[in-house]
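# Reading the structure
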Number of protein chains: 2
Amino acid sequence: MTYELHYWPTIQGRGEFVRLALEEAGADYRDVARAIPHEGGGEEALMNWMADPELARPPFAPPFLVVKRAGAEDLVIGQTAAILTYLGAHHGLAPADEAGRFWVDQLQLTIADLVAEVHDTHHPVSLSAYYRDQKPEAARRAANFRDQRFPKFLGWFERILERGHTGWLAGPELTYADLSLFQAVSGLRYAFAKAMARAERETPEVSALAARVAERPRIRAYLASPRRIAFNEDGIFRHYPELDL
Amino acid sequence: MTYELHYWPTIQGRGEFVRLALEEAGADYRDVARAIPHEGGGEEALMNWMADPELARPPFAPPFLVVKRAGAEDLVIGQTAAILTYLGAHHGLAPADEAGRFWVDQLQLTIADLVAEVHDTHHPVSLSAYYRDQKPEAARRAANFRDQRFPKFLGWFERILERGHTGWLAGPELTYADLSLFQAVSGLRYAFAKAMARAERETPEVSALAARVAERPRIRAYLASPRRIAFNEDGIFRHYPELDL
């Protein structure tokens with residue numbers, strides 16, 4: 001089984017949750033839009049996929065994953081949480097039992113909600129306008145996020161870790177939800193450095209989990225490689241000092 | 001197998017997607033927060049669940065579904081899309097093949113994104129403040145939603161239906177994604193009556209699907225029953241004339 005990941009080539013964004021799972025799994029994948037155009041890569045390859053009128057099940061938006069299966073049709077999966085459900089089941093990144101699988105799915109969907117709220121801190125009133133054209137609204141939304149939502153989300157993860165006693169969110173083994181929480185913590189530290197430093201004083205278990213993920217051999221190698229795109233102000237986690245009070 | 005659904009008792013909200021699936025399945029369920037308190041119901045029962053310090057896997061937010069299984073522990077599932085994955089698999093509301101299951105999941109997650117954007121039209125800058133305290137921001141967000149996002153979402157569903165030729169989103173049989181699209185269409189017609197009337201001129205297949213769902217015998221009976229809560233201005237789909245231009 002090999003994979004083609006389709007996602008915007010210059011940001012971590014939602015695609016990064018998929019990249020981390022593929023890297024931890026040691027999977028054979030190609031990050032298509034980051035490959036060079038004359039080898040079938042580039043953003044154009046992604047756009048062509050999306051616009052293909054022959055595709056019965058077109059993805060709504062990146063990321064989407066093409067699963068190349070020997071002896072079977074390609075499987076195309078869109079939506080980050082659905083992609084991770086697939087990778088979790090096929091690469092030992094989710095529990096085998098039904099209750100465990102649904103729990104990891106629930107964790108991931110809650111992280112997705114957090115990520116959507118982070119995006120809204122810099123784009124509260126228009127998804128198609130620039131941040132600079134919605135700065136007062138962003139300041140208000142970011143304040144609400146820092147004061148109310150931050151503690152609610154991080155406190156929930158902290159409680160789960162306190163009750164679980166394994167250092168992971170879903171039992172004795174790492175799952176894709178742990179990778180995703182690491183990514184969320186990394187992004188929040190970048191975007192909201194001050195607020196996150198305050199918040200993490202109350203969530204030592206969350207901080208410890210993030211540190212443990214960063215020390216996984218494959219993740220450590222990935223983070224040090226050019227495959228890891230740096231956080232920047234085109235992605236979801238953006239550092240605007242005026243929003244990080 | 002019987003179910004306890006935990007959701008806010010006075011709104012359709014995200015819980016309605018679960019209610020529709022339970023109704024179409026003819027499942028044996030109790031809508032706990034709508035039951036009377038001395039029979040173990042009421043909003044307090046829901047809050048007690050959420051705050052239970054013994055719960056290793058506490059739900060982050062309603063809706064959550066408690067699955068009462070003969071001879072096994074209760075299974076507690078939070079997050080609408082995860083609940084529907086469970087109900088789809090156990091009640092024939094999703095395809096049996098892997099590609100079909102992931103497709104229905106992807107459809108549902110995209111509907112969830114749409115629903116989150118609808119919520120943001122009346123709460124763009126603060127989830128904890130009232131609509132009346134963020135009306136100018138809401139007007140801007142709603143305009144962006146009507147002009148840009150509406151056509152993108154509905155156009156995607158229309159293309160899928162045009163290409164599928166079955167009248168349903170995922171093959172020859174109704175799935176929970178069809179029920180959810182019906183609910184989204186119903187909500188949009190309520191909240192954005194004018195914009196939706198314009199949009200539906202371009203999406204006859206979507207309108208036809210919604211009509212077909214409404215005529216399913218169990219759904220029709222449900223919609224006519226007191227179990228169906230009316231749309232109102234506490235829910236996600238709210239009609240504010242100033243946002244529906």
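Attention in this report is confined to the structure presented alongside it. (Residues numbered from 1 in each chain as written. Chains lettered and ligands numbered in written order. Predicted model: local features only at pLDDT ≥ 70, side-chain atom pairs only at ≥ 80, totals over all residues. Heavy atoms only, no water.)

### Overview of the overall build of chain A
To keep things clear, this is the line we draw: Strands are runs of DSSP state E lasting at least two residues, helices are runs of H or I lasting at least four, and both sets are numbered from the N terminus onward. Both definitions apply: the radius of gyration is a C-alpha atom measure, and the globule rule equals 2.2 Å times residues to the power 0.38. For every residue, the accessible area obtained with a 1.4 Å probe (protein chains only) is divided by the maximum for its type, and the residue is called buried under 20%, exposed over 50%, and partly exposed between those limits. Residue contacts are counted whenever heavy atoms from the two residues lie within 4.5 Å of one another. The method behind every accessible area is Shrake-Rupley, applied with a 1.4 Å probe, and residues are considered shielded solely by the protein chains displayed. Counting rule for charge: Lys and Arg are taken as positive, Asp and Glu as negative, and neither His nor the chain ends is counted. Positions of charges follow a simple convention, taking NZ of Lys, CZ of Arg, CG of Asp or CD of Glu.
When helices and strands are tallied, chain A shows 9 helices and 4 strands. Reading the secondary structure of chain A in the N-to-C direction produces β-α-β-α-β-β-α-α-α-α-α-α-α. The C-alpha radius of gyration computed for chain A amounts to 18 Å, which stays within 12% of the reference 18 Å derived for 245 residues, consistent with globular compactness. Counting only C-alpha atoms and orienting by the principal axes, one finds that chain A spans roughly 50 × 45 × 30 Å. Burial analysis of chain A (245 residues in total) assigns 58% to the buried set. Here the contacts in chain A between residues at least 6 apart in sequence split such that 69% fall between residues at least 24 apart. Total accessible area on chain A stands at roughly 10,000 Å², and carbon and sulfur atoms take up 52% of it. Of the charged side chains in chain A, 28 are positive and 34 negative; the average position of the first set lies 4 Å away from that of the second.

### Here we look at the sheet that holds strand S2 (residues 29-31) of chain A
Residue and element names in this part refer to chain A. Stated formally: Pairing between two strands requires that DSSP report at least two bridges joining them. Only the stretch in contact is used when fitting a helix axis, every axis being a line fitted to C-alpha atoms; angles between N-to-C directions are given from 0 to 180 degrees.
If you trace the 4 strands from one edge of the open sheet to the other, you get S2-S1-S3-S4, paired in mixed fashion. Both edges of this open sheet fall to S2 and strand S4 (75-78), since each of them pairs with a single strand only. Strand after strand, the sheet turns through a mean of 20 degrees between neighbouring axes, direction not considered. Contacts between helix H1 (residues 15-25) and the sheet are confined to strand S1 (2-6), S2 and strand S3 (64-68), with S1 contributing the most and set at about 160 degrees to the helix. The strands that helix H3 (residues 80-90) touches are S1, S3 and S4; relative to S4, the one it contacts most, it runs at about 130 degrees.

### Considering the sheet that holds strand S2 (residues 29-31) of chain B
Residue and element names in this part refer to chain B. One open sheet holds the 4 strands; their spatial order is S2-S1-S3-S4, and the pairing between them is mixed. Looking at which strands have only one partner, the edges of the open sheet turn out to be S2 and strand S4 (75-78). Pairs of neighbouring strands in the sheet enclose a mean axial angle of 20 degrees, with direction left out of account. The pairing of strand S1 (residues 2-6) with strand S3 (residues 64-68) spans 5 bridges and is classified as antiparallel. Within the sheet, the bridge partner assigned to leucine 5 lies in S3 and is leucine 65. Against the sheet, helix H2 (residues 43-51) makes contact with S1, S3 and S4, and its axis sits at roughly 85 degrees relative to S3, the strand it touches most.

### Concerning the relation of the copies chain A and chain B
Superposition of the two copies of the chain requires a rotation about an axis and a shift along the axis. Inclusion rule: Alignment of the copies relies on least squares applied to C-alpha atoms, considering only residues that score at least 70 for pLDDT in both.
Mapping chain A onto chain B calls for a rotation angle of 180 degrees and an axial translation of 0.0 Å; the resulting RMSD is 0.0 Å. Such values leave the two copies arranged in the relation of a two-fold axis. Among all residues of chain A, the one whose C-alpha sits closest to the rotation axis is Pro124(A), at a distance of 2.8 Å. In this assembly the copies share their binding face: 100% of the residues contributing to the interface of chain A also contribute to that of chain B.

### Regarding the pairing of S3(B)
Side chains on a regular strand alternate between the two faces of the sheet. Residues and elements named next belong to chain B. Among the 5 residues that make up S3, 4 are buried, leaving the element largely enclosed by the rest of the structure. As judged from the 4 bridges shared by S3 and S4, these two strands associate in the antiparallel manner. Looking at the pairing, leucine 65 lines up with isoleucine 77 of S4. Where S3 folds back onto S4 in an antiparallel hairpin, the turn is made up of 6 residues, including glycine 71, whose phi is positive at roughly 75 degrees.

### A few points about the interface of chain A and chain B
The line we're drawing: Reported buried area values correspond to the accessible surface (1.4 Å probe) lost by two parts on association, with both partners' losses combined. Salt bridges are defined by distance alone: a side-chain nitrogen of Lys or Arg within 4 Å of a carboxyl oxygen of Asp or Glu. Whenever two N or O atoms come within 3.5 Å, that pair is a polar contact, provided that in protein one can donate a hydrogen and the other can accept it, and provided that, for residues adjacent in sequence, both atoms are side-chain atoms.
Contacts between the two partners involve 52 residues from chain A, matched on the other side by 52 residues from chain B. In total, chain A and chain B occlude about 4,600 Å² of area from one another, counting both sides; carbon and sulfur atoms represent 54% of this. For chain A, the biggest contributors to the area lost against chain B are Arg57(A), Phe60(A) and Arg163(A); these three give 17% of the whole. Counting the contacts that link chain A with chain B gives 6 salt bridges. Residue Glu98(A) is joined to Arg69(B) by a salt bridge in which the shortest nitrogen-to-oxygen separation is 3.7 Å. Counting across the interface, chain A meets chain B through 28 residue pairs in polar contact (both at pLDDT 80 or more). At the level of secondary structure, the elements contributing two or more residues to the side of chain A that touches chain B comprise S4, H3, helix H4 (98-122) and helix H5 (135-164) of chain A. Among the elements that line the side of chain A that touches chain B, the one with the most residues is H4(A), at 12 residues.

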